[in-house]
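Okay, here's what each chain looks like letter by letter:
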Amino acid sequence: MTSKERFLKALNHQKPDRPPFNFWMDRPLMQKYENEIGHRHWRVTHFGADVIETFPLINFSGGTDANAWDAHVEIKSWDEIDNLSLPDPNNPKVYDLIKKDLDEFPDTAVILDMITPWGHVTTLRSYENVYMDMYDEPERFHAASRKFTDILKVVTERACEMGITALYLMEDLADRNGLTISPPMIEEFVLPYAAELSEIAQKHNIPVMFHSDGNVGDLLDMLTNIGVQAVNPMQPHLNNASEFKKKHGDKLAVYGGLDNCYIIPDGTPEEVREHVLDVFNVIGKPDGALIFSTHDIPEYTPKENVEALISTIKNKCFY
Amino acid sequence: MSVLQEIAENLMKGKAPVVKELVSKALDEGIEPATVLADGLIAGMNVIGARFKKNEVYVPEVLIAARAMHAGMDILKPKLVAAGVEPIGKVVIGTVKGDLHDIGKNLVCMMLEGAGFEVLDIGIDCAPEKFIETAKDKDAKIIAMSALLTTTMPSMKGVIEELNKAGLKGIVKTMIGGAPVTQNYADEIGADGYSPDAASAVDLAKSFL
Ligand code: B12
């Protein structure tokens with residue numbers, strides 16, 4: 001079974017041979033592994049991870065650095081945003097990385113990271129402002145979201161045609177205490193635009209996944225309503241896994257589920273093994289709807305723990 | 001509805017210009033500045049805090065309520081000073097070294113102000129010395145620290161160590177918070193208190209008085 005088949009089976013609640021996996025670390029630690037192993041997709045080539053997160057080289061603040069969360073944005077006023085010269089989604093360069101990843105890894109699940117239109121507006125306006133903008137400047141917020149959505153729709157369409165394995169929408173809408181913005185605001189400002197992207201993927205029979213940090217219990221029904229099939233990262237200290245499986249397990253798979261704060265960085269390799277099996281038993285069973293991943297594990301995580309994590313997934317998780 | 005209730009209601013809805021107007025009106029009616037503060041602005045902020053804790057309102061609602069409180073305070077502050085109204089306590093608050101996240105910290109500031117504390121906000125990326133010197137200079141008895149990154153949390157320990165070195169252990173109380181911070185961590189580094197959200201941060205600060 002290829003990684004891609006394994007991944008799609010898990011997303012569709014059909015037990016694969018073993019749970020597919022990916023993992024994330026603090027960036028300096030990832031860089032260290034990359035330097036040692038010598039491949040940008042070292043998680044796949046060296047550790048046998050099943051997923052590659054690829055992304056369009058497009059940025060609304062100029063340049064081609066695609067990760068809106070890392071972008072340093074100087075633009076602050078709405079006038080500047082309204083007059084921003086927007087990137088051209090028909091520029092073939094936007095798709096260079098996606099193409100490279102798909103060509104190089106035809107048997108791996110290559111999913112498209114896509115920050116939602118809300119997130120792009122937020123990056124430009126900054127989090128501090130955006131929370132109040134939704135009260136103060138709703139029309140301008142919507143107008144900007146409209147423009148960005150239209151561009152991202154072209155990107156999504158093109159990436160789907162190129163053969164991405166899943167569309168992975170990303171937005172942080174919760175913190176440890178629950179949602180950061182109210183459900184009506186999420187319904188008004190975030191989801192309609194995300195739904196337009198989701199519809200494109202669904203039209204191509206490409207599954208849709210969603211990332212939000214934090215305690216996401218109150219978000220899950222809203223996500224299934226726009227066609228989301230899997231959620232990430234479901235940090236176990238903030239989300240009760242068995243409750244999730246009972247309430248949402250028939251509709252949602254998990255991409256994540258593993259701890260990144262306590263056991264994986266601080267536990268013994270034996271405790272890491274137990275934790276992996278625990279998550280597997282609670283979320284992975286009975287239907288196989290689990291793609292293991294960690295949220296960013298900290299830099300000081302011992303190598304033995306990383307190895308225990310991966311070897312347990314590969315060798316000890318049987319359906 | 002009394003003008004004080006109106007202040008509280010409009011503050012909760014985040015109507016800054018209305019709150020400002022109503023505060024002036026209340027003062028014109030001869031209501032004591034301290035009463036306007038306690039039964040108008042603070043009363044409204046308390047309700048917002050309680051609702052925030054219960055997930056009935058969210059970050060944007062707290063931010064606009066706090067903005068309305070500030071609008072009212074602009075009018076009220078000079079009157080309070082003139083009337084000799086003392087804050088219930090002084091808190092030095094900042095986000096620790098290396099960390100630029102301040103939305104949560106600002107909420108804590110606003111709730112503390114809303115509860116009658118004088119808040120000395122030293123901003124983001126604050127070195128231990130900055131916390132300690134400000135506390136010494138302004139004679140504040142509480143230091144509050146925020147960290148949102150696992151990599152910056154250890155800086156909280158640094159502040160506590162420096163504080164102990166300065167002989168202020170037990171005299172200046174420390175409280176910590178932020179997404180990755182836990183009660184366990186507070187115990188481990190010897191902080192005097194931890195709280196998971198802005199509303200309970202107020203109760204915690206009050207417990208130090
Ligand atoms: C907004 C945000 C940003 C904004 C910050 C804007 C600003 N002015 O604050 C920007 C974009 C600049 C940013 C940058 C970065 N961020 Co950031 N960011 C977030 C985000 C989305 C929300 C944080 C937030 O404001 N929450 C809402 C507030 C209300 O909650 P809160 O802060 O927890 O505060 C509450 C309580 O904790 C408590 N509290 C807070 N402080 C205090 C203090 C005391 C004394 C007390 C008692 C209580 C208390 O009360 C508050 C109200 O109830 C989180 C993800 C998330 N969903 O949490 C990531 C997150 C915190 N960021 C993260 C990271 C890694 C970064 C970056 C390194 C870049 C990156 N790759 O994303 C940089 C680092 C910059 C730096 N050096 O600090 C990570 C941290 C991971 C980790 N394990 O450490 C998170 C979790 C996202 C992630 N998964 O990657 N970020």
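No experiment lies behind these values; they were computed from the predicted model shown.

Trainee: Report on the interface of chain B and chain A, specifying residues and quantitative values.
Mentor: The interface is formed by 19 residues belonging to chain B together with 18 residues belonging to chain A. Between chain B and chain A, the buried area comes to about 1,600 Å², and carbon and sulfur atoms account for 58% of it. The three residues of chain B that bury the most area against chain A are Tyr58, Pro60 and Ile103 of chain B, which together make up 31% of that side's buried surface. At the boundary of chain B with chain A, the tally comes to one salt bridge. At the junction of chain B with chain A, the criterion picks out nine residue pairs in polar contact (both at pLDDT 80 or more). Ranked by residue count, the leading element in the side of chain B that touches chain A is helix α4 (residues 59–82) of chain B, at six residues. Among the residues forming the side of chain B that touches chain A, the class breakdown is 11 nonpolar, four polar and four charged.

Trainee: Tell me about the confidence of the model for chain A, and name the residues and values.
Mentor: Across chain A, the average pLDDT comes to 93, with 95% of residues at 70 or higher. Taken as a whole, residues 62–66 of chain A scores under 50 in pLDDT and shows 10 contacts with residues more than four places along the chain or in a different chain.

Trainee: Let's hear about the domain arrangement of chain B: which residues, and what values?
Mentor: Accessible area lost when the parts come together is the quantity often used to give the size of an interface. Residue and element names in this part refer to chain B. For chain B, the assigned domains read domain 1 (3–82) and domain 2 (90–207). Where domain 1 abuts domain 2, roughly 1,100 Å² becomes buried across the two surfaces, and 78% of that area is made up of carbon and sulfur atoms. For the pair domain 1 and domain 2, the number of links is one salt bridge. The salt bridge partner of aspartate 203 is lysine 53, with a shortest N-O separation of 3.9 Å. On the surface where domain 1 and domain 2 come into contact, there are one residue pair in polar contact (both at pLDDT 80 or more).

Calculation notes
- Residues numbered from 1 in each chain as written.
- Chains lettered and ligands numbered in written order.
- Predicted model: local features only at pLDDT ≥ 70, side-chain atom pairs only at ≥ 80, totals over all residues.
- Heavy atoms only, no water.
- Contact = heavy atoms within 4.5 Å.
- Buried area = accessible area lost by both parts, 1.4 Å probe.
- Salt bridge = Lys/Arg side-chain N within 4 Å of Asp/Glu carboxyl O.
- Polar contact = N/O pair within 3.5 Å; in protein donor to acceptor, adjacent residues only side chain to side chain.
- Helix = DSSP H or I, 4+ residues; strand = E, 2+ residues; numbered from the N terminus.
- Nonpolar A, V, L, I, M, F, W, Y, C, P; charged D, E, K, R; others polar.
- pLDDT = per-residue confidence, 0-100.
- Domains from an automatic or database assignment.

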